[in-house]
Each structure stands twice: as structure tokens, then as C-alpha cells.
Amino acid sequence: TGMGTHVLSVKRKRWADVEREQLVADFAKLKADYEATIAALRADDSKAVTKDELERLAVPALVFAIIAFLMICTSLILGGVSCTRTRRHERFFNDDDLLREKYATARA
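Source: prediction; values computed, not measured.

**A closer look at the overall build of the protein**
Helix and strand content of the protein: four helices and zero strands. Along the protein, helices (α) and strands (β) appear in the sequence α-α-α-α when read from the amino end. Within the protein, the proportion of its 108 residues that are buried is 3%. Surface summary for the protein: the accessible area is close to 10,400 Å², and the carbon and sulfur share equals 64%.

**Here's the deal with the pattern of salt bridges**
Side-chain pairs of opposite charge can arise where the charged atoms are in close proximity. In the structure shown here, the tally under the stated rule is two salt bridges. Among the salt bridges present, the one from Lys29 reaches Asp33, with a minimum N-O distance of 3.8 Å. Taken as a pair, Lys29 and Asp33 lie in helix α1 (residues 15-44) at a separation of four residues, close to a single helical turn. Given a relative accessible area of 58%, Lys29 falls into the exposed group.

**Some remarks on a nonpolar patch on the surface**
Where nonpolar side chains cluster on the molecular surface, the patch consists of Val59, Val63, Ile67 and Met71 and spans about 380 Å² of accessible area. With respect to the helices and strands, Ile67 occurs in helix α2 (residues 51-86). For Ile67, a relative accessible area of 45% corresponds to the partly exposed category.

**Looking at the side chain of Asp17**
With respect to the helices and strands, Asp17 occurs in helix α1. Asp17 sits in the buried class, given a relative accessible area of 16%. Engagement of the side chain of Asp17 in a polar contact is seen with the side chain of Arg20, the distance being 2.9 Å.

Rules used in this analysis
- Residues numbered from 1 in each chain as written.
- Predicted model: local features only at pLDDT ≥ 70, side-chain atom pairs only at ≥ 80, totals over all residues.
- Heavy atoms only, no water.
- Helix = DSSP H or I, 4+ residues; strand = E, 2+ residues; numbered from the N terminus.
- Buried < 20%, exposed > 50% of the residue type's maximum accessible area, 1.4 Å probe, protein only.
- Areas by Shrake-Rupley, 256 points an atom, 1.4 Å probe, with all protein chains shown as cover.
- Salt bridge = Lys/Arg side-chain N within 4 Å of Asp/Glu carboxyl O.
- Patch = residues over 30% accessible without salt bridge, like charges linked within 9 Å, V, L, I, M, F, W, Y side chains within 5 Å.
- Polar contact = N/O pair within 3.5 Å; in protein donor to acceptor, adjacent residues only side chain to side chain.

Right, dumping it as C-alpha cells:
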């Protein structure tokens, strides 16, 4: 009785029924996890950084980045100028025969 010809015994179920029960149980668990996550996010929302705080932090960060960029450019320019004026690169290669042969440039 019960399911009729689809059942071998009263205690057995069809595979579709077992899968359906498992899917419903999984869905209920996921829904509970989702609700808990949303509740936690709403509770932590008061600790979030506001747009005004971000704007106040952006100005000093931008100033710091500009100063760092200017210092990098200055050091590259000064390093290049001092190296070419003192001809340190030529003295370095001339002192070492192996380097002079490896990196030699034709002189006119």
C-alpha cells in the first residue's frame, strides 16, 4: 500500500523523495546561514568607515603620495647628473679589466 507498485516495502522511499528531503534540508541550512550573516553584517555596520572619514583620510594620503613621487624624481635626476658629471661610471669600468672588456663602448 502507500506508494503502490513503486515501493518494495512500506519503509522504503523513492530516490527522488530522498533527494528532495536532502535539498529541502540543505536549503533550510543555507537560509539560516544567510540570515545569520546578514544579522552579523548589520550589527557590524555601526563600526564601518563612513564616506566623510574616507574623504578626510584621502587628502593626507594624496599629499604623502605626491611628496614621495617628487622625492623619487629628484633622486633619479640628481643621481643621474652626479654620475655623469663625476664620470664615476667610467672610473668603475676602467678599474676592472673584466668589466671594461664586457661593457666597453667605442670611443672616437
